[in-house]
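Observations on the three-dimensional arrangement
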Amino acid sequence: MLSLLYKELLLIRRQLLLGLAFILLFIFAFQSLEEKMFIAAVMPVAYLLAMTSCACEEKNRGDILLNSLPLSRKAVVLAKYITLVLLFLVASLFYYILYLAINAAGISLRAYPITIEGLLIAFLAVAFMNSVYFPFYFKLGYIKSRMLFFVVFLAAFAGIAAISNYLAAHQGEPWVRQMLNFFAALPQPAAIVLLVGFSLLILLISYGISLYFYTRREF
Amino acid sequence: MGAILEIKNLSKSFPNFRLKEVSFFLNPGYIMGFIGPNGAGKSTTIKLIMNLLRKDAGEIKVFGLDHLRHEKEIKNRIGFVYDENCFYEELTVSEMKNMVAGIYKTWDEGAFQRCLKKFDLPTNAKIKELSRGMKMKFSLAVALSHRADLLIMDEPTSGLDPLVRSELLEILAELIQDEQKGIFFSTHVTSDLDKIADYITLINDGRILFSKPKDELLETHALVKGGKELLSKGRENCIGIREHRYGFEALVDNRAGALKIWGDRVAVERPTLEEIMLYYTRRDNGAQPAL
């Protein structure tokens, strides 16, 4: 497994630097989002890095190599999901470094700190987006599934905006009020467990579907 | 000791091609040349052995073990060299080695370093910067560094210059000396096999035409040349016939039988593997199908 993760990070090392640049760009672009800035900056970068890793695999005919080595297909699929978590952590670290640097520089640009809620919501969003995309990738390969990648990418942003707008417009409705009150009343540890648990559950279901497809795939 | 590779009634269907009940075996200590024209089913057979394709029916045993149930164990003992590079182009030789070394249980770093030196491979060069010959040598270095007992090679010499091809063949001949390892070598360049193969398996249109020791094949087959009038008898004994203005040339699989039919009225020559392959696989071979 460590060899697979080593390979994943080596393959996208140049794109990691590009990811750092994108996060800086998003900090500029999302000044009005305040504490939601972290989510808006890290979510697309982690997703794009995961996609780059898939593209590199296809470009190098990686599946031929990986399936000729003494590796189970389970390990190959699992490595992609673990890589996703690593990429999310790397993107978060990049944001944190930029946050410290921008605040230390004392310039007019503002970078907002990372909150626990922000971190967990961003992870949930990244987990959800990739959980939708990865099964298609493992079934069809990158080339045939890349359109879907962009659909998921755009749908995620449009979906988050649509849900936010809907909730804002229907604040008065009892079920919306009940739901918001439920989350507001949740103690922080419970909220953390809920968000992490939900993210992991989504990833686990997606992993099962991806594994089902990949074990049946031919190269 | 049992067969190192044993295939029985292996079948696989695609919309435009079918591998039909392929069977053969390879014992340790031998090199088997797997020959056939392009599209005959060589790569399909290799992909099925490596479980890159899923078989429809049949049995594949490697080291006496089922290739699916013992996949990891088997692949730890298989070295592979494919016709096209399958290593990550963006990684350096050293990075790529680090990745695969962590995956094989029996990685021998000393052996890899010896291979690097022998093949003159630069450790800091990216895989994409290596020539085709160097990429093949890198594949071979990886295959030789985890103490593989079976080397599976799919058209390893295609696109290589004669010098590199000759080097590769020397390495393979050396490797087989300990009589424990086996090499399964697919190619359509049969001259490579004239030098090193012990067994020849010919596949055409998804079907195995024969799997025999090379020496037996070359001793029993003969290229017969004579006047056209001689074809009034003996045509049915020919694998394939080429007729031209001045006479005919035919491949027979029974040299003694041919001499009995035509006697000294024909010239009898020893065929090359290429000629054997061509006569067996030509669609307009002018003879009744021999098999």
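Residues numbered from 1 in each chain as written. Chains lettered and ligands numbered in written order. Predicted model: local features only at pLDDT ≥ 70, side-chain atom pairs only at ≥ 80, totals over all residues. Heavy atoms only, no water.

Section: the sheet that holds strand β3 (residues 31-35) of chain B
Residues and elements named next belong to chain B. Spatially, β6-β7-β8-β3-β9-β10 is the arrangement adopted by the six strands of the open sheet, whose pairing is mixed. Strands with a single pairing partner mark the edges of an open sheet, and in this sheet they are β6 (78-81) and β10 (207-213). Within this sheet the neighbouring strands show an average axis-to-axis angle of 15 degrees, counted without direction. Inspection of the sheet shows β6 paired to strand β7 (residues 150-154) by four bridges, in the parallel sense. From the neighbouring strand, I78 faces β7, where its bridge partner is L150. With respect to the sheet, helix α10 (residues 273-281) is in contact with β3, β9 (199-204) and β10, its orientation differing from that of β9 by roughly 30 degrees. (Pairing = 2+ DSSP bridges. Helix = DSSP H or I, 4+ residues; strand = E, 2+ residues; numbered from the N terminus. Axes fitted to C-alpha atoms, helices over the stretch in contact; angles between N-to-C directions. Contact = heavy atoms within 4.5 Å.)

Things to note about the packing of helix α3 (residues 37-59) of chain A against helix α7 (residues 142-169) of chain A
Residue and element names in this part refer to chain A. Between α3 and α7, whose axes approach to 11 Å, the crossing angle comes to 175 degrees. The orientation of α3 relative to α7 falls into the category roughly antiparallel. Residue-level contacts link M43, P44, Y47, L48, M51, C54, A55 and E58 of α3 to Y142, I143, F149, V152, F153, F157 and I160 of α7. Looking at the contact of α3 with α7, its residues break down into 14 nonpolar, no polar and one charged. (Parallel < 35°, antiparallel > 145°, perpendicular 65-115°, else oblique. Nonpolar A, V, L, I, M, F, W, Y, C, P; charged D, E, K, R; others polar.)

Points about the packing of aromatic side chains
Going through the model one piece at a time under the given rule, you end up with 27 aromatic pairs over all chains. Measuring from ring centre to ring centre gives 5.3 Å for F88 of chain A and F123 of chain A, while their planes differ by 50 degrees; the resulting arrangement is tilted. In this pair, F88 of chain A sits in helix α5 (residues 73-105) while F123 of chain A sits in helix α6 (residues 116-140), placing the two residues 35 residues apart along the sequence. Both residues of the pair, F88 of chain A and F123 of chain A, count as buried. Look at F80 of chain B and Y82 of chain B: their rings are 5.1 Å apart centre to centre, the planes differ by 25 degrees, and that puts the pair in the stacked class. (Phe/Tyr/Trp six-rings, centres within 6.5 Å; stacked < 30°, edge-to-face > 60°. Buried < 20%, exposed > 50% of the residue type's maximum accessible area, 1.4 Å probe, protein only.)

Here we look at unusual backbone geometry
Residue and element names in this part refer to chain B. Within the chain, N51 stands out as a residue other than glycine whose phi angle is a positive 60 degrees. Within the element layout of this structure, N51 appears in the loop between α1 (42-49) and β4 (57-62). Residue classification places N51 among the buried residues on the basis of a relative accessible area of 11%. Despite not being glycine, R147 has its phi angle at roughly 55 degrees, a positive value.

Quick notes on the domain arrangement of chain B
Residues and elements named next belong to chain B. By the assigned domains, chain B splits into domain 1 (5-211) and domain 2 (221-281). Between domain 1 and domain 2, the C-alpha centre-to-centre distance is 35 Å. In this assembly, twelve residues from domain 1 lie in contact with six residues from domain 2. In this assembly, domain 1 packs against domain 2 so that about 770 Å² is buried in total across both faces, 77% of it on carbon and sulfur atoms. On the domain 1 side of the contact with domain 2, T190, D194 and F210 bury the most area, a combined 43% of that side's loss. Linking domain 1 to domain 2 there are zero salt bridges. Across the domain 1-domain 2 interface, the total number found is one residue pair in polar contact (both at pLDDT 80 or more). Of all the elements in the fold, those that place two or more residues in the side of domain 1 that touches domain 2 are α7 (191-196), β9 and β10. (Domains from an automatic or database assignment. Buried area = accessible area lost by both parts, 1.4 Å probe. Salt bridge = Lys/Arg side-chain N within 4 Å of Asp/Glu carboxyl O. Polar contact = N/O pair within 3.5 Å; in protein donor to acceptor, adjacent residues only side chain to side chain.)

Observations regarding the state of the cysteines
Residue and element names in this part refer to chain A. In the structure shown here, the tally under the stated rule is zero disulfides over all chains. Summary of cysteine pairing: C54 is not part of a disulfide, and the nearest cysteine sulfur, belonging to C56, is at 9.3 Å. In this structure C54 comes out as buried when scored by relative accessible area, which is 0%. (Disulfide = S-S within 2.5 Å.)

Thoughts on the packing of helix α2 (residues 13-29) of chain A against α3 of chain A
All names here are of chain A. One way to put it is that α2 packs onto α3 with a least axis distance of 9 Å and a crossing angle of 155 degrees. Here α2 lies roughly antiparallel to α3, going by the angle between them. The interaxial crossing formed by α2 with α3 has right-handed handedness. Between α2 and α3, the residues in contact are Q15, L16, G19, F22, I23, F26 and I27 and M37, A40, A41, P44, V45, L49 and T52, respectively. Of the residues assigned to the contact of α2 with α3, the class counts are eleven nonpolar, three polar and no charged. (Left-handed = near helix turned anticlockwise from the far one by under 90°.)

Quick look at the layout of surface pockets
All names here are of chain A. Volume-wise, the largest pocket comes out at about 1700 Å³. Contributions of two or more residues to the lining of the largest pocket are made by α3, α6, α7, α8 (174-185) and α9 (188-215). Here the residues of the lining of the largest pocket sort into 33 nonpolar, five polar and three charged. (1 Å grid on protein atoms, 1.4 Å probe; cavity = no way out; pocket = protein on both sides within 12 Å on 5 of 7 lines; lining within 4 Å. Points joined across faces, edges and corners; volume = space filled by probe spheres on them.)

A short note on the pairing of strand β13 (residues 247-252) of chain B
Remember that side chains alternate between the two faces of the sheet whenever the strand is regular. Residues and elements named next belong to chain B. The buried fraction of β13 amounts to six of the six residues, a majority that puts the element mostly inside the structure. What you see with β13 is no split at all: G247, E249 and L251 on one side and F248, A250 and V252 on the other are buried throughout. Of the strand pairs in this sheet, strand β11 (residues 222-226) and β13 are connected by five bridges, and their pairing is antiparallel. Paired with V224 across the two strands is A250, which belongs to β13.

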